[in-house]
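Spelled out, the chains give:
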Amino acid sequence: MIDTWLTRELGLEVPIVGAPMGGRAGGRLAGEVTRAGGLGLLGAARYATPEWIAAESAVARELGGGKLGVGLMTWSLYDDDALLDAAIGEEPDVISLSFGDPAPFVPRAKACGALVGSQINTIEDLRVVEAAGVDFVVAQGTEAGGHTGRIGTLPLLQQILEATDLPVIAAGGIATGRGLAAVIAAGAAGGWIGTALLASPETTGPDFARQRLVEADSADTVYTSIFDQARDQPWPQRWGGRALVNAYTERWHGQGADNATLAAAYDPADTTVGVVYAGEAAGLVTSVRPAGDVVREIGADAERLLRRTY
Ligand SMILES: Cc1cc2nc3c(=O)[nH]c(=O)nc-3n(C[C@H](O)[C@H](O)[C@H](O)COP(=O)(O)O)c2cc1C
């Protein structure tokens with residue numbers, strides 16, 4: 001067993017967190033990741049409801065033997081923090097508050113007994129979340145699927161590990177035992193894994209998303225804000241989202257079109273146009289596989305690699 005701060009603190013068999021992924025990670029996915037020995041997080045999208053959190057938490061706990069993690073988008077709580085109240089009400093093991101300054105929310109989140117962490121994309125972000133009092137940080141590289149920053153996982157991870165005494169988890173591009181072994185050897189407490197789980201049958205979202213991911217190569221992603229503009233998602237400008245390229249990104253990415261034009265051209269149900277957020281690990285996802293198998297294989301392969309002597 002790989003023994004890290006993450007496995008010790010949460011009683012995990014593998015140092016893997018199933019990333020919170022809005023629209024894709026509900027109770028089934030989170031629960032299966034936990035059942036396989038990691039910790040799966042629910043991904044509460046901006047349009048999620050307190051009722052969704054309650055229902056999906058029950059599913060995740062049932063499958064995962066009682067453990068629970070919930071991921072929220074910090075900036076979306078500034079106007080209305082009902083989703084945070086709902087998450088706190090579940091008394092989860094972990095609450096992730098990512099993308100924005102979590103200071104107004106950390107004391108309440110910690111008071112329910114959860115470990116509280118934030119994904120960060122720069123050294124400046126590290127200083128902000130340290131001041132807010134988080135228990136751990138997640139160094140999220142630009143390779144990651146979904147919304148992320150602009151620095152690659154490896155340079156960012158090295159910078160963050162040098163700059164803090166907090167436990168650091170690595171996110172972005174980890175999809176095999178080699179990736180997990182690499183970040184643990186560097187000093188990370190574990191891997192925060194999204195894209196590798198996205199072709200699993202336990203994900204929510206449209207069927208075409210799984211198929212498109214299986215067919216995609218690692219070069220087939222783009223970092224863009226056009227899907228946020230098309231759907232009027234008020235993401236702060238500094239965070240773009242990494243998605244698979246499609247006919248829509250080829251037509252509109254980098255064209256400077258306004259929200260109304262982008263919205264008029266957008267149809268989420270059209271398989272050639274609808275967004276499929278995924279990271280540069282896309283080329284490592286080559287079949288539809290149960291999430292538990294993915295987690296167990298990454299964990300076992302990483303352990304074997306880390307035991308190798310040179
Ligand atoms: C489809 C998708 C949706 C995501 N939604 C969220 C989210 O709601 N909240 C969040 O904190 N991170 C979100 N992320 C980012 C992940 O938490 C994580 O950083 C990322 O998946 C890790 O990189 P990887 O995809 O290369 O494994 C999302 C990622 C993806 C792929």
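Keep in mind the model is a prediction, meaning the values are calculated, not measured.

Asker: In this structure, what is going on with the pairing of strand β2 (residues 39-43)? I would like to understand it.
Answerer: With respect to burial, β2 is a largely interior element, five of its five residues being buried. Side chains of β2 alternate between two faces, with L39, L41 and G43 and G40 and L42 buried alike. Across two bridges, strand β1 (residues 16-18) lies against β2 in parallel orientation. Paired with G18 across the strands is G40, a residue of β2. Handedness of the β1-helix α2 (residues 27-35)-β2 crossover: right-handed. Note on the crossover from β2 through helix α3 (residues 50-63) to strand β3 (residues 69-73): the handedness is right-handed.

Asker: So what exactly am I meant to see when it comes to the nonpolar core here?
Answerer: The nonpolar side chains of a soluble globular protein tend to be buried with one another. Membership of the largest hydrophobic core comes to 88 residues, with the highest contact counts inside it found for L72, L97 and W192. Of all the elements, helix α13 (residues 291-307) adds the most residues to this core, at six residues. Two domains each provide a minimum of three residues to this core, namely domain 1 (5-204 + 286-307) and domain 2 (207-265). In this structure L97 touches L72, T74, L77, L84, P102, F105, V106, V116, G117, S118 and Q119, once residues within four positions along its chain are discounted.

Asker: Would you take a moment to explain the packing of α2 against α13 for this structure?
Answerer: Where α2 contacts α13, the two axes come as close as 8 Å, and the packing angle between them is 35°. At the point where α2 passes α13, the crossing takes the right-handed sense. Residues L29, E32 and V33 of α2 form the contact with α13, whose own contacting residues are A291, G292 and V295. Class assignment for the residues of the contact of α2 with α13 results in four nonpolar, one polar and one charged.

Asker: Quick question: what am I supposed to make of the side chain of T153 here?
Answerer: Mapped onto the elements, T153 comes out in helix α7 (residues 153-163). On the basis of relative accessible area, T153 is assigned to the buried category, the value being 5%. With residues up to four places along the chain from it excluded, the contact list for T153 reads G141, T142, E143, A171 and G172.

Asker: Honestly, the sheet that holds strand β11 (residues 240-244) in this entry has me stumped. Any pointers?
Answerer: For sheets, the rule is that strands pair by backbone hydrogen bonds, running either parallel or antiparallel. The three strands lie next to each other as β7-β11-β10, forming an open sheet whose pairing is antiparallel. Every other strand in the sheet has two partners, leaving β7 (146-148) and β10 (221-224) as the edge strands with one partner each. Neighbour-to-neighbour, the strand axes of the sheet open up by a mean angle of 30°, direction not taken into account. One ladder, built from three bridges, connects β7 with β11; its direction is antiparallel. Residue pairing across strands places T148 opposite G240, the latter belonging to β11.

Asker: Help me understand the domain arrangement of the protein, please; the structure alone is not making it clear to me.
Answerer: You'll often see interface size given as the accessible area lost when the parts meet. Examined at the domain level, the protein breaks down into domain 1 (5-204 + 286-307) and domain 2 (207-265). The C-alpha centroid of domain 2 is placed 23 Å from the C-alpha centroid of domain 1. Interface area for domain 1 against domain 2, summed over the two sides, is near 1800 Å², with a carbon-plus-sulfur share of 57%. Interface area lost by domain 1 to domain 2 is led by R46, W75 and H147, which between them contribute 31%. Inspection of the region where domain 1 meets domain 2 yields one salt bridge. Its salt-bridge partner being R238, residue D125 comes within 2.8 Å of it at the nearest N-O pair. If you look at where domain 1 meets domain 2, you find nine residue pairs in polar contact (both at pLDDT 80 or more). At three residues, the largest contribution of residues to the side of domain 1 that touches domain 2 is made by β7. Here the side of domain 1 that touches domain 2 is built from residues that sort into nine nonpolar, 15 polar and five charged.

Asker: How should I be thinking about the packing of aromatic side chains in this particular structure?
Answerer: For any two aromatic rings, the description comes down to two numbers: the centre-to-centre distance and the angle of the planes. Per the counting criterion, the structure on display carries 11 aromatic pairs. Taken together, a centroid distance of 5.1 Å and an interplanar angle of 70° make the contact between F99 and W235 edge-to-face. Within this pair, whereas F99 is found in the loop between β4 (94-98) and α5 (106-111), its partner W235 is found in the loop between α10 (226-230) and β11, the two being separated by 136 residues in sequence. Of the two residues examined, F99 and W235, each falls in the buried class. On the basis of an interplanar angle of 70° and a centroid distance of 5.5 Å, the ring pair of F99 and W239 is categorised as edge-to-face. With F99 in the loop between β4 and α5 and W239 in the loop between α10 and β11, this residue pair connects regions lying 140 residues apart in the sequence.

Asker: Any chance you could explain helix α6 (residues 123-132) here in plain terms?
Answerer: The α-helix winds at 3.6 residues per turn, so residues separated by three or four positions along the chain end up facing the same way. Listed in full, the buried residues belonging to α6 are D125, L126, V129 and A132. Buried residues of α6 fall within an arc of 125° about the axis and therefore sit on the same side. Counted as exposed and oriented over 90 degrees from the buried face of α6: E124 and A131. Contacts made by the buried residues of α6 are with α5, β5 (115-120), β6 (136-140) and α7. At the C-terminal side of α6, G133 shows a positive phi close to 95°.

Cut-off values and rules
- Residues numbered from 1 in each chain as written.
- Predicted model: local features only at pLDDT ≥ 70, side-chain atom pairs only at ≥ 80, totals over all residues.
- Heavy atoms only, no water.
- Buried < 20%, exposed > 50% of the residue type's maximum accessible area, 1.4 Å probe, protein only.
- Helix = DSSP H or I, 4+ residues; strand = E, 2+ residues; numbered from the N terminus.
- Pairing = 2+ DSSP bridges.
- Right-handed = clockwise from strand over helix to strand, strands pointing away.
- Core = buried A, V, L, I, M, F, W, Y, C linked by side-chain atoms within 4.5 Å.
- Domains from an automatic or database assignment.
- Contact = heavy atoms within 4.5 Å.
- Axes fitted to C-alpha atoms, helices over the stretch in contact; angles between N-to-C directions.
- Left-handed = near helix turned anticlockwise from the far one by under 90°.
- Nonpolar A, V, L, I, M, F, W, Y, C, P; charged D, E, K, R; others polar.
- Buried area = accessible area lost by both parts, 1.4 Å probe.
- Salt bridge = Lys/Arg side-chain N within 4 Å of Asp/Glu carboxyl O.
- Polar contact = N/O pair within 3.5 Å; in protein donor to acceptor, adjacent residues only side chain to side chain.
- Phe/Tyr/Trp six-rings, centres within 6.5 Å; stacked < 30°, edge-to-face > 60°.
- Arc of directions from axis to C-beta.

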